[in-house]
Amino acid sequence: MSGKKFINDPATVVDEALEGLVLAHPGLKLLKTHRVIYRADIEAIRSSEVTILSGGGSGHEPSHVGFVGPSMLTAAVCGGVFASPSASQIEAALDHIGGPKGTLVIIKNYTGDKLNFAKAVERFRRRHHFPVEMVVVAEDCAIDKDQVGGAGRRGLSGTILVHKIAGAAASEGLPLEEVARRARYVSDNIVTIGVALSPCSLPGLPPSFTLPADQMELGLGIHGEAGARRITLLSAAETTALCLDVAFGEGGYLDFDPNDSNVVLLVNNLGGMTGLELSILVKEAFRYISKRWNDKSQPVRLYSGALMTSLEMSGCSFTILRVPKQSDELNWILESLDRPVGAFGWPKVVEVTQTSPDVGDSKVSTSETLDTNNYPIETRAARSFAAAIVAASDAILKAEAQLGEYDRITGDGDCGNTLASGAKALKAAVEIVDGQPRSGKGIDFERAADACGTIARIMEDSMGGTSGALYSLFFETAATQLDISVNWTDALKVAADALQKHGGASVGDRTLIDALAPGIAALSSGGMKDSAQAARDGADSTGKMPKAKFGRTSYVGESAGIIGVPDPGAVAVAIIFEAVSSVFA
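These figures come from a predicted structure and were not determined experimentally.

(A) Structural detail: the overall build of the protein chain. Within the protein chain, the secondary structure is distributed over 18 helices and 15 strands. Taken against the 2.2 N^0.38 rule, which gives 25 Å for 585 residues, the C-alpha radius of gyration of the protein chain at 24 Å falls within 12% of a compact globule. Residues classed as buried in the protein chain amount to 57% of the 585 residues present. Of the contacts formed within the protein chain by residues at least 6 apart in sequence, a portion of 73% connects residues at least 24 apart.

The structure is reproduced here in structure tokens:
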């Protein structure tokens with residue numbers, strides 16, 4: 001049963017919400033096609049100050065759109081719910097706000113965001129030669145240093161303080177290098193830990209996990225995943241003390257000395273808590289800090305509210321920013337925090353000069369535009385290629401519910417519908433007549449390299465998130481290799497190596513690589529049947545792995561019940577191998 005929400009269609013929630021947003025806040029404008037919210041006065045500031053771009057998945061409102069405004073973000077680019085925006089979206093945002101003073105890009109440490117933002121930045125640099133710097137925020141302190149996997153620490157609500165201080169520096173006219181330095185300083189001196197009483201549910205989907213009435217999740221992120229551990233329900237005072245014990249813990253991420261440091265405290269509502277609960281937690285956090293350090297150190301600034309949410313999750317996160325008592329940093333940190341802003345999501349807001357809303361389509365052109373031509377499929381190889389794409393797409397669509405259920409247990413629940421979106425887009429790109437592929441709608445199946453390049457862009461545009469980035473990168477790399485030599489085994493191996501290089505995962509990390517790598521390796525020594533079996537064996541093996549090192553599952557504790565549940569990404573790869581094998585049988 002899906003969680004109840006006031007929506008029209010799960011597929012259009014982000015687009016409809018953005019249109020409503022600009023109607024309610026006329027100081028903002030929307031590039032509708034690319035889901036980019038930007039300042040209405042962009043033309044007046046583009047050439048005079050550093051611009052700042054952030055973004056990520058939707059479902060965290062008011063982040064990131066709520067922090068677009070004078071003295072904060074210049075623009076925010078929005079992906080689907082809990083899914084990274086595509087590189088093309090990000091590139092459109094950079095095109096719209098980039099200028100000679102440069103742009104600072106601030107993102108949270110999630111694989112999809114890192115891949116897509118990095119890809120867009122490189123494209124933008126090649127075309128415009130404007131300076132761009134990127135800061136990746138990773139301040140989650142819930143997982144011990146010796147247990148952090150290859151994916152690293154998550155970016156959480158502390159990112160908002162990076163937005164605030166970087167935005168203030170940019171509005172003062174400081175150069176890009178100094179704006180970026182201040183952003184990195186703040187990022188290096190914050191920690192955040194989250195706790196929740198209930199899960200959230202993506203539009204049209206059931207809750208992301210189940211939680212008994214007498215238990216709570218400690219150390220969770222902002223994408224609906226379960227926490228690092230499940231514990232017995234505690235009082236507000238006990239919960240606050242437990243969380244801040246971790247934040248200030250000896251040997252932790254924040255080397256805190258009350259003799260030379262104070263704190264900035266942010267208590268963030270994850271979306272479903274009442275104002276009464278939040279205020280109680282604020283009180284307990286203030287008391288805890290003062291008592292722990294015998295009043296030697298206390299919050300010099302305190303912020304609270306629903307600032308970075310996880311849909312309707314009932315929970316909160318505590319963010320601590322360490323502030324030196326006597327230094328140059330103390331002055332600019334406090335001055336930046338106190339600087340009035342024109343962003344509606346920040347707790348301290350000043351009046352914004354309002355203009356008419358703009359919800360028209362973007363006129364910004366990106367470096368990648370999908371082909372719309374029809375290409376006849378004439379040779380046997382091209383027919384087989386197209387048939388394999390259709391078979392794989394049909395198989396994924398058939399398995400959508402199963403993949404979603406696996407991901408609901410091990411991640412955030414969106415794997416099935418994300419892959420289904422890509423499958424539908426690919427099927428739409430092949431014309432079938434009398435059960436046989438007749439032509440490619442934009443895909444030239446007679447040219448393997450060009451076809452893979454087009455498939456990469458279809459994946460990027462239709463899927464979003466980490467899955468979209470990974471599949472897009474896979475086909476993009478295969479296309480490059482096929483341009484050199486039309487050898488599918490070599491091309492697939494090079495593409496798989498690229499995923500391991502840029503994504504970081506290897507066999508044994510409980511990811512799609514556990515099915516992809518052995519499946520491709522079996523192509524060299526056997527045939528498609530052996531390859532499909534190797535991929536299936538690899539996918540099945542992930543169900544026996546107690547801990548993932550990458551992906552959202554890497555943040556989920558054993559209490560979530562992942563033993564016996566295979567990685568949905570690996571299962572999807574096995575399904576694709578089996579479908580393709582049936583075509584070549």
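(B) Spotlight on the pattern of salt bridges. Scanning all chains against the criterion turns up 27 salt bridges. Across the salt bridge formed by aspartate 15 and arginine 35, the nearest N and O atoms sit 3.0 Å from each other. Of this pair, aspartate 15 sits in helix H1 (residues 13-24) while arginine 35 sits in the loop between strand E1 (28-31) and strand E2 (36-39); the two residues are 20 residues apart in sequence, bridging distant segments of the chain. The class for arginine 35 is buried, based on a relative accessible area of 18%. Here arginine 154 makes a salt bridge to aspartate 140, at a shortest N to O gap of 2.9 Å. Of the two residues, arginine 154 is situated in the loop between strand E6 (132-137) and helix H5 (159-171) and aspartate 140 in the loop between E6 and H5; the sequence distance between them amounts to 14 residues. The same class applies to arginine 154 as to aspartate 140, namely buried. Salt bridges here are not isolated pairs; linked through shared partners, they connect Glu91, Asp95, Lys119, Arg123, Arg127, Glu460 and Glu476.

(C) Expanded view of the packing of aromatic side chains. For the structure on display, the rule yields nine aromatic pairs. Connected via pairs of aromatic rings, a cluster forms that spans Phe248, Phe256 and Trp293. The ring centre of tyrosine 253 lies 3.6 Å from the NZ or CZ of arginine 153, which sits over that ring.

(D) Just the pairing of strand E5 (residues 103-108), in detail. Within E5, six of the six residues are buried, which leaves the element mostly enclosed by the surrounding structure. Relative to E5, strand E3 (residues 51-58) runs parallel, the two being bridged by four bridges. Looking at E5, one finds that leucine 53 is bridged to valine 105. Taken together, the six bridges between E5 and E6 define a ladder with parallel strand orientation. Of the residues in E6, the one forming a bridge with valine 105 is methionine 134. What joins E5 to E6 is helix H4 (residues 111-128), and the crossover it makes is right-handed.

(E) Representation of helix H8 (residues 275-292). In this model H8 runs 26 Å from its N-terminal to its C-terminal C-alpha over 18 residues, within 8% of the 26 Å that 1.5 Å per residue would give. Along H8, the residues that are buried comprise Leu278, Leu281, Val282, Glu284, Ala285, Tyr288, Ile289 and Ser290. Considering only its buried residues, H8 is in contact with helix H7 (236-247), strand E10 (261-269), strand E11 (299-305) and strand E12 (315-324). Backbone geometry just after H8 places asparagine 294 at a positive phi near 50 degrees.

(F) Broad picture of the packing of H5 against helix H6 (residues 176-188). Their axes nearest at 9 Å, the elements H5 and H6 cross at an angle of 160 degrees. Classified by the interaxial angle, the pair formed by H5 and H6 is roughly antiparallel. Here the hand of the crossing between H5 and H6 comes out right-handed. The segment H5 lies against H6, with Leu161, Val162, Ile165, Ala166, Ala169 and Ala170 engaging Val179, Arg182, Ala183, Val186 and Ser187. A class-by-class count of the residues in the contact of H5 with H6 yields nine nonpolar, one polar and one charged.

About the criteria used
Residues numbered from 1 in each chain as written. Predicted model: local features only at pLDDT ≥ 70, side-chain atom pairs only at ≥ 80, totals over all residues. Heavy atoms only, no water. Helix = DSSP H or I, 4+ residues; strand = E, 2+ residues; numbered from the N terminus. Rg over C-alpha atoms; globule rule 2.2 N^0.38 Å. Buried < 20%, exposed > 50% of the residue type's maximum accessible area, 1.4 Å probe, protein only. Contact = heavy atoms within 4.5 Å. Salt bridge = Lys/Arg side-chain N within 4 Å of Asp/Glu carboxyl O. Phe/Tyr/Trp six-rings, centres within 6.5 Å; stacked < 30°, edge-to-face > 60°. Lys NZ or Arg CZ within 6 Å of the ring centre and 35° of its normal. Pairing = 2+ DSSP bridges. Right-handed = clockwise from strand over helix to strand, strands pointing away. Expected span 1.5 Å × (residues − 1). Axes fitted to C-alpha atoms, helices over the stretch in contact; angles between N-to-C directions. Parallel < 35°, antiparallel > 145°, perpendicular 65-115°, else oblique. Left-handed = near helix turned anticlockwise from the far one by under 90°. Nonpolar A, V, L, I, M, F, W, Y, C, P; charged D, E, K, R; others polar.

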